[in-house]
Every structure is written in structure tokens, then in C-alpha cells.
Amino acid sequence: MDPTDSMAPGPGPARPAGPETAGGAVDEYVYRRPAPALRPYVARYTGYRQAGLPPGLHRGLPSPYLTLILTLDDRLTVAGHPDPRQPPGRYDTLLGGLHAAPALIAHEGRQSGVQIALGPLGARALLGPPAGELAHLDVPADAVLGRRCAEIHDRLRQAATWPERFAVLDRTLPGLLRPERTAHPEVARAWHRLLASGGTATVSELAEESGWSARHLTGRFRAEIGLTPKAAARVVRFDRARRLLVARAARPEAAGAGGLGLAGLAVECGYFDQAHLAREFRALAGCAPSRWLAQEHGTRFRNVQAGEDAAAPRWGVPGLAEDG
């Protein structure tokens, strides 16, 4: 995308955004770190607006973040939830917990909104319930946040520009915070260890470092985060692999003569081999790596996740916020 506009100065970096006018299509995509008071709980804001594109589906992939989406124009249509028992739905606002299967998002060639990436350890402080109560679920955000959600959503829709919309979030989200609501330190330490290892730390290593039995750690971890340590490690490792895959696709020369270099990518991310990477991709994304890349990057309809930095997430200790 050729940027024709840039974000106004503010806390954290902002990716340029602007409409692509060829053929009358609109493609805007920007991200920004939140104000410092929110960074222990919120990784980033992502603003997106697309129009004039062919209807279709895209996959919302498992990641180490809870997702809060506040739409700007059209409602968000979820054609398939991570839990197949949950029926399809349309949402003005959506809050999704951690999950280990893709969601399917339908669109009619246009979408717009702001996506907020929340660290699971910050769920208690910002949302009230622990992330564990939201695992594998997509719910209207006001079901958790109450009337404050509608107030924030209304102000967001009244704002005219991306800097103004992000400023609305910086002003209103701190009103939700209850910093005294925290996760158990040993669970927090295990989560940070998983992130730092890229999902390669084992349950036995985490249990030894916590001083708990593997069974006790697994139970406490799942109640707080929403996934077991083993399942969370799969998601963290997969998230790193797909980010690196996107980065390699954007820079073909980095993959050398081996195309996308999937064999090397598998080893780098801690998989046994390329076949192991492919199996995990099919399990967590619902398709092979090359097919996902072609579907999500071979069209002009953007998967919001696909534009995130390949190196993320880089959560600091003892807080939850991204570095850099």
C-alpha cells in the first residue's frame, strides 16, 4: 500500500495509512500503541477501513491476545466462531477470548473499525473477569463492559480521523481500569516465560520454575488465561511462525532459493520439521501455510492480523506491554 497520509504524533509508533484510489477502492490500515497508562494491559490499537472490494471470507487466527473490536460503519459478521457450537452472528462490538481454532469473518467488500489487542493477564484489570472466562468465545463487548462500552463506541464513531479515534480510546479506557485486580504471580511468570521462549518452553520447565506441580500449574493457568500451558505454547509458536511467514513473503529474497523457506522457518520456530509446521497450521488456521498466505495476501481485502509486525508480541516483565 502506498501511504498518502500519516498519523499525527502521539504515544508510540504509527503505521502510515491512506486510501488506495485505483478502481475506487479504499484501503486504510493504521496502528498505534496506547497511552502509557494502558500499556501494561493493551498492546496496540489497529484502525482499518476498506471498501469497494469483492465479498469474501477471511480467517481470524489464534494469537496471544484477546480481541476487542468496535465497528465504525457496518456490523462485523462472524460466519464461524472458534467454538463451532456457537452460532454465527453480527456484532456492533465484539470481545473475543484466546482460542485455538480460526474464526471466519464474512464481508460484503467493506469493513471498518478499531481492533484493540488485550493481554490476557490484563483482562481482570480492564474487563473485570479473567481471560479464562472468555476462552473460545466471541461475545458482544457490552455484555462484559456494560454501558461504558456503548459510551466509548459512540464517541469513537463521532471522531473524524484515526488520531482522534485513538485519542478517544486513550481518554476513555483508563476509566475501566482496576489495577488492583491482578493474576497470580506464578501464572504471570509462566505466561511471560512462554512468550519469551516463542512457545517452546515445556510444561515441566514452567512447573519447575513456578515451584508448583504440573497439574496445579495447568489448572491455575487455564483458569486465568483460558488455555492450558501446552495449548498456549502452540498458539504462541504458531503466531510467531505466521508473522515470520508474512515477513518472508513480503521479502522473497530472504527465503533464498527455497521459495518461502518453510523448512527453515519450521526449525527457527521450534517445530520438528516442515511437516510438523504444516500440521499445526492446518489445526490452528484450518489450511496449509501456502494456502493461507494466498488467501489472505493474494487479495486486496486485508486480514487485520496479517499486517502486524513479524516480531510481535514482545511483552515486557513485569508488565504486559510491548517493547519498542
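Only a predicted model underlies this, so the values are computations on that prediction, with no experimental measurement involved.

The rules we used
Residues numbered from 1 in each chain as written. Predicted model: local features only at pLDDT ≥ 70, side-chain atom pairs only at ≥ 80, totals over all residues. Heavy atoms only, no water. Helix = DSSP H or I, 4+ residues; strand = E, 2+ residues; numbered from the N terminus. Contact = heavy atoms within 4.5 Å. Areas by Shrake-Rupley, 256 points an atom, 1.4 Å probe, with all protein chains shown as cover. Core = buried A, V, L, I, M, F, W, Y, C linked by side-chain atoms within 4.5 Å. Buried < 20%, exposed > 50% of the residue type's maximum accessible area, 1.4 Å probe, protein only. Expected span 1.5 Å × (residues − 1). Polar contact = N/O pair within 3.5 Å; in protein donor to acceptor, adjacent residues only side chain to side chain. Salt bridge = Lys/Arg side-chain N within 4 Å of Asp/Glu carboxyl O. Pairing = 2+ DSSP bridges. Axes fitted to C-alpha atoms, helices over the stretch in contact; angles between N-to-C directions. pLDDT = per-residue confidence, 0-100. Parallel < 35°, antiparallel > 145°, perpendicular 65-115°, else oblique. Nonpolar A, V, L, I, M, F, W, Y, C, P; charged D, E, K, R; others polar.

### A look at the overall build of the chain
Next, step 1: Counting secondary structure elements, the chain contains 11 helices and 10 strands.
Next, step 2: In the chain, of all internal contacts separated by at least 6 residues, the share reaching a separation of at least 24 is 69%.
Next, step 3: When the accessible surface of the chain is totalled, it reaches about 13,800 Å², and 53% of it is carbon and sulfur.

### Some words on the nonpolar core
Next, step 1: With 54 residues, the main nonpolar core has Ile116, Leu118, Leu169 and Trp191 as its most contacted residues.
Next, step 2: No other element matches helix H5 (residues 185-196), which puts six residues into this core.
Next, step 3: In this structure, Leu245, Leu277, Ala285 and Trp292 belong to the second largest nonpolar core, which totals 18 residues.

### Quick notes on helix H10 (residues 274-285)
Next, step 1: The end-to-end C-alpha distance of H10, which contains 12 residues, comes to 16 Å, matching closely the 16 Å that a straight helix rising 1.5 Å per residue would cover.
Next, step 2: Within H10, burial applies to His276, Leu277, Ala278, Glu280, Phe281, Leu284 and Ala285.
Next, step 3: Capping of H10 at its N-terminal end is provided by Asp273; its side-chain oxygen lies 3.2 Å from the backbone amide nitrogen of Ala275.
Next, step 4: Downstream of H10 by one or two residues, Gly286 has phi in the positive range, about 85 degrees.

### A closer look at the pattern of salt bridges
Next, step 1: The final tally for this structure, using the stated rule, is 16 salt bridges.
Next, step 2: Between Glu186 and Arg189 there is a salt bridge, with its nearest N and O atoms 2.7 Å apart. Of this pair, Glu186 and Arg189 both sit in helix H5, separated by three residues, roughly a single helical turn.
Next, step 3: Because the salt bridges share partners, they merge into one network encompassing Glu28, Arg49 and Asp73.

### Quick look at the environment of Leu72
Next, step 1: Mapped onto the elements, Leu72 comes out in the loop between strand E4 (66-71) and strand E5 (76-80).
Next, step 2: Along the primary structure Leu72 and Arg49 are separated by 23 residues, whereas in three dimensions their C-alpha atoms are 8.7 Å apart.
Next, step 3: Leave out the neighbours within four places in its chain, and Leu72 touches Arg49, Ser112, Gly113, Leu156, Arg157, Trp162 and Arg165.

### Let's talk about the sheet that holds E5
Next, step 1: Here we have four strands laid out as an open sheet, ordered E3-E8-E5-E6, and antiparallel in their pairing. In this open sheet, the two edge strands, each paired with only one partner strand, are strand E3 (56-60) and strand E6 (89-91). Adjacent strand axes in the sheet meet at a mean angle of 35 degrees, parallel and antiparallel pairs treated alike.

### Here we look at the confidence of the model for the chain
Do not read the predicted coordinates in detail wherever pLDDT is low.
Next, step 1: Per-residue pLDDT for the chain has a mean of 85; in total, 82% of the residues score no lower than 70.
Next, step 2: Across residues 1-18 the pLDDT falls below 50, and counting only partners more than four positions away or on other chains, this stretch makes 49 contacts in the model.
Next, step 3: A low-confidence stretch, residues 314-324 stays under pLDDT 50, and its non-local contacts, those more than four residues away or across chains, total 35 contacts.

### A look at the environment of Leu194
Next, step 1: When you line up the elements, Leu194 lands in helix H5.
Next, step 2: With 38 residues separating them along the chain, Leu194 and Ala232 place their C-alpha atoms 7.9 Å apart.
Next, step 3: With sequence-adjacent residues up to four places away left out, Leu194 is seen in contact with Gly199, Ala201, Leu206, Phe221, Pro229, Ala232, Ala233 and Val236.

### Points about the pairing of strand E2 (residues 42-51)
Next, step 1: With eight of 10 residues buried, E2 lies mostly within the body of the structure.
Next, step 2: Relative to strand E9 (residues 111-118), E2 runs antiparallel, the two sharing eight bridges. Paired with Thr46 across the two strands is Gln115, which belongs to E9.

### Section: the packing of helix H8 (residues 229-250) against H10
Next, step 1: Contact geometry of H8 with H10 gives a least axis separation of 11 Å together with a crossing angle of 105 degrees. Here H8 lies roughly perpendicular to H10, going by the angle between them. Contacts from Arg234, Arg237, Phe238, Ala241, Arg242 and Leu245 of H8 reach H10 at His276, Leu277, Glu280, Phe281, Ala283, Leu284 and Ala285.
Next, step 2: Partitioned by chemical class, the residues of the contact of H8 with H10 number eight nonpolar, one polar and four charged.

### As for the pairing of strand E8 (residues 103-107)
Next, step 1: Burial along E8 is one-sided: the residues Ala103, Ile105 and His107 are buried and none of Leu104 and Ala106 is.
Next, step 2: Two elements, E3 and E8, share five bridges in a ladder whose sense is antiparallel. By the bridge assignment, Gly60 is partnered in E8 with Ala103.

### Brief notes about the side chain of Gln50
Next, step 1: Relative to the helices and strands, Gln50 is located in strand E2.
Next, step 2: Overall, the relative accessible area of 1% leaves Gln50 in the buried class.
Next, step 3: Polar contacts involving the side chain of Gln50 include one to the side chain of Asp27, which spans 3.2 Å.

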